[in-house]
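# Descriptive analysis of the structure
Here is what each chain is made of, one letter per residue.
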Amino acid sequence: MAHDYSGSEELGGERSDGKVRHLMEGLSLFEGVITKEHHDEIVSFIDRMLTLGQQSRLPGRTYTRPPPKWVGNKQSRQMLQFGVYTNANRVQPAALMDLPPLLEKVVDALERRGVITGEERTESCCVNVYEVGQWLPPHVDNYMFARPFVTVSLLSEQQALFGNHITGENGKWTGGLRVSMPVCSALRVSHGAGGPDVKHAVMSPTSRRISVTFRRLTPKARDEMQRNVSAKLVRKIKSAREKGQDILRLLGGKKDEKRRNKTKSTPLPQDTSNTLQEARRGKGVHMPEVERLHVTQVYDRIATHWNRTRHSPWPRVAKWLEENRAKQSLVVDVGCGNGKHLKLCGISAVGCDVSISQLKICRQDSFKSPEELKKSPKSPINTRSVLLADGAEAIPLRDEMFDLALNIAVLHHIATERRRRKMVQETIRILRPGGRALFYAWAFEQNEEQGARSGHRFDSQDVLVPWHFTQNTPQRQKASGPKKSAKPEPKKSAKPEPKSEAKSEATSEAKEKKNKSGEIYMRYCHVYKEGELESLFSHLNASVRIVNSFYDSGNWCVEVERL
């Protein structure tokens, strides 16, 4: 039997205990489901994600801007979607981030509180960020989502309207049950309130509000989505056959020949190989000539171009930081490059690198200038620091200083095992007992089935890898952000050096070549075989333990804990 909720303008409803209100059939409000500290963490995380989304640095359609046609009358809001994508209330296949660990903790809290059961746990959520005056019209959530769905309210207490005869316009609605949703509360919407007879509308907020709505697809919807994806692929294959196109290339089983040639690594020239062998016979940890010419000088020269094409954090690194970084954690990024990961480390972080050009860009992108601080003196002072240092010789920071350390895509640029072990040792030295570090290095085994997407095939472990430099690269391509398949290449970035200096230094010494697309700089890399990265910690058995080792997008990775 359909209920008539057209005339009630009540706030709230019957209270069944101190913190739960049963407002109408299928509608219950649970107060205080998350703590104030958890609330602040979530808001800070969402604001960071919005910034990345606005810079086109999130994968696929994780971030959505308000449609221009709706901005005028404020029927709009910024959105973050994880797990499942909807557009205009229609569920569609799209590349998205998975549900972040911080929001999974909210699901845990909902289950502990009894807002949902274990069988109602969700794998997706939609974050709506409403500014003052923005609203949503009366609607029923798509029935591809199972009931119940749950909305957690953040930042300010605002109202929504539930009813089957809602009238009004532009966020000013009447008719139905007016529900006030306190900060940190959860509204459970089940059958009855979740449609089909009852719609809900979002009132214009009087101050900024964030809603986090957790939903899950029905089994039927999940199967339908898979069939749609399969049908789309079949249509592509049929079209490719009709046009005589390469089906293997369409399916990702055959690389574009131009790309394959462009990314092909080459063995070390004989003179470079001889110099390297001589350095390996030595006993010191000073930077050998091959690193100076084919790492430091190259990254100084290509810094600006690198920054335009390698500015997105790697997804699993970002997830690791999110899972391990506490509010007051002090983080160091050894080999920070252009700072793409340093930005995720909070305001108390330190980065070091051998490339001064990379550090210049890192500082510009990660820090507030004195002029910016004067304009907004009340904003938090950024306490990040960057310093020029060869981490394989010595990191000029005191012992046991940091809670977390990153060493991402650096070790494959270190030419001798002695220097690699020294870099590992230095990274561990500055960690506090109980602190954790994450190491990534390029893998010799480029397994496409496991996500390797660089296009490289290595004939030996010590190689020169080309970087195709172009001066006129567009200002930061529209990127899909921290793609899961982020290229497993080394990281770095910085300001362009004067052309005269570039030609006298990097052009000659880094063995540049010329082609139609511009200069080619050859970067030295030692790519790691399975188990080799873990072996670098063997001399530190008394002070570290390996927590996890894995393969990610063409890299071997190790997570360790300082004992």
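### A look at the sheet that holds strand β9 (residues 136-139)
As summarised here, the arrangement of the four strands in space is β9-β16-β11-β14, forming an open sheet in which the pairing is antiparallel. The strands lining the two open edges of the sheet, one partner per strand, are β9 and β14 (177-181). Within the sheet, the average angular offset between the axes of one strand and its neighbour, ignoring direction, is 20°. As defined by bridge partners, β9 adjoins strand β16 (residues 199-202) across two bridges and the pair is classed as antiparallel. Looking at β16, one finds that H139 is bridged to H200.

### With respect to the pattern of salt bridges
This model, assessed by the stated rule, comprises 23 salt bridges. Note that R292 and E289 form a salt bridge whose closest N and O atoms lie 2.8 Å from each other. With R292 and E289 both in helix α8 (residues 289-301) and three residues apart, this pair spans about one turn of that helix. Judged by its relative accessible area of 37%, E289 is partly exposed. Between R419 and E291 there is a salt bridge whose closest N-O contact spans 2.8 Å. Here R419, found in helix α13 (residues 417-429), pairs with E291, found in helix α8; they are 128 residues apart in sequence, far enough to count as distant. Considered together, R419 and E291 belong to a single accessibility category, that of buried residues. Shared partners join several salt bridges into a network, and the residues in it are D399, K422, E426 and R429.

### Regarding helix α10 (residues 315-324)
Within the sequence span of α10, burial applies to V317, W320 and L321. The arc that holds every buried residue of α10, seen down its axis, measures 100°, which confines them to one face. The elements touched by buried residues of α10 are β19 (331-334), β22 (402-408), β23 (431-442) and β28 (555-562).

### Here's the deal with the sheet that holds strand β27 (residues 544-552)
One open sheet accounts for seven strands, arranged β21-β20-β19-β22-β23-β28-β27; its pairing is mixed. Edge strands, defined here as strands with exactly one partner in the open sheet, are β21 (385-388) and β27. When the angles between neighbouring strand axes are averaged without regard to direction, this sheet yields 15°. Judged from the four bridges that link them, strand β20 (residues 349-353) and β21 form a sheet pairing that is parallel. The residue bridging C352 from the neighbouring strand is L387, located in β21.

### Re the confidence of the model for the protein chain
Predicted confidence across the protein chain gives a mean pLDDT of 81, with 78% of residues reaching 70 or more. This stretch, residues 1-18, has a pLDDT under 50; its non-local contacts, to residues over four places away or in other chains, come to 45 contacts. Low confidence marks residues 251-262, where pLDDT is under 50. Its contacts with residues over four positions away, or in another chain, come to 19 contacts.

### Overview of unusual backbone geometry
Between R147 and P148 the backbone carries a cis peptide bond, its omega angle lying at 5°. Relative to the elements of secondary structure, P148 occurs in the loop between β9 and β10 (149-154). The phi dihedral of A88 falls on the positive side, at around 55°, and the residue is not glycine. The residue A88 is located in the loop between β6 (85-87) and β7 (90-92) in this model. We classify A88 as partly exposed; its relative accessible area is 48%.

### What to know about the environment of E445
Topologically, E445 is positioned in the loop between β23 and β24 (462-469). The partly exposed category is assigned to E445, whose relative accessible area is 27%. Along the sequence, E445 and H456 sit eleven residues apart, while their C-alpha atoms lie 9.8 Å from each other. Sequence-distant contacts of E445, that is, excluding residues within four places in its chain, are made with Y528, K529, E530, Y551 and W556.

### As for the environment of E104
Summarising the element assignment, E104 is placed in helix α3 (residues 101-113). The partly exposed category is assigned to E104, whose relative accessible area is 38%. Excluding anything up to four places from it in sequence, E104 contacts L99 and R121.

### Observations regarding empty space enclosed by the protein
Going through the model one piece at a time under the given rule, you end up with two cavities of 30 Å³ or more. By volume, the second largest cavity is sized at about 50 Å³. Around the second largest cavity, the lining residues are I116, E120, T122, P148, F149, V150, F214, R215 and R216. Taken together, the elements giving at least two residues each to the lining of the second largest cavity come down to β10 and β17 (209-215). When grouped by side-chain class, the residues that make up the lining of the second largest cavity number five nonpolar, one polar and three charged.

### A closer look at the pairing of β14
Burial analysis of β14 places five of its five residues in the buried class, the great majority of the element. Two elements, strand β11 (residues 158-163) and β14, share five bridges in a ladder whose sense is antiparallel. Bridge pairing in β14 places F162 opposite L177.

### Observations concerning the packing of aromatic side chains
Applying the stated rule across the entire model yields eight aromatic pairs. Taking 6.1 Å as the distance between ring centres and 80° as the angle between the ring planes, the aromatic pair formed by Y440 and F550 counts as edge-to-face. Of this pair, Y440 sits in strand β23 while F550 sits in strand β27; the two residues are 110 residues apart in sequence, bridging distant segments of the chain. Overall, F550 belongs to the buried group, its relative accessible area being 12%. Each ring, one from W442 and one from F458, has its centre 5.3 Å from the other, and the planes form 85°; the classification is edge-to-face. Here the residue W442 occupies a position in strand β23, and F458 occupies one in the loop between β23 and β24, the gap between them amounting to 16 residues. Both residues of the pair, W442 and F458, belong to the buried class. The rings of Y299, W306 and W467 are connected pair by pair, giving a single aromatic cluster. Sitting over the face of the ring of W306, R310 holds its NZ or CZ atom 5.5 Å from the ring centroid. Stacked on the ring of F444, the Lys or Arg K529 has its end atom at 5.2 Å from the ring centre.

Cut-offs and rules
Residues numbered from 1 in each chain as written. Predicted model: local features only at pLDDT ≥ 70, side-chain atom pairs only at ≥ 80, totals over all residues. Heavy atoms only, no water. Pairing = 2+ DSSP bridges. Helix = DSSP H or I, 4+ residues; strand = E, 2+ residues; numbered from the N terminus. Axes fitted to C-alpha atoms, helices over the stretch in contact; angles between N-to-C directions. Salt bridge = Lys/Arg side-chain N within 4 Å of Asp/Glu carboxyl O. Buried < 20%, exposed > 50% of the residue type's maximum accessible area, 1.4 Å probe, protein only. Arc of directions from axis to C-beta. Contact = heavy atoms within 4.5 Å. pLDDT = per-residue confidence, 0-100. 1 Å grid on protein atoms, 1.4 Å probe; cavity = no way out; pocket = protein on both sides within 12 Å on 5 of 7 lines; lining within 4 Å. Points joined across faces, edges and corners; volume = space filled by probe spheres on them. Nonpolar A, V, L, I, M, F, W, Y, C, P; charged D, E, K, R; others polar. Phe/Tyr/Trp six-rings, centres within 6.5 Å; stacked < 30°, edge-to-face > 60°. Lys NZ or Arg CZ within 6 Å of the ring centre and 35° of its normal.

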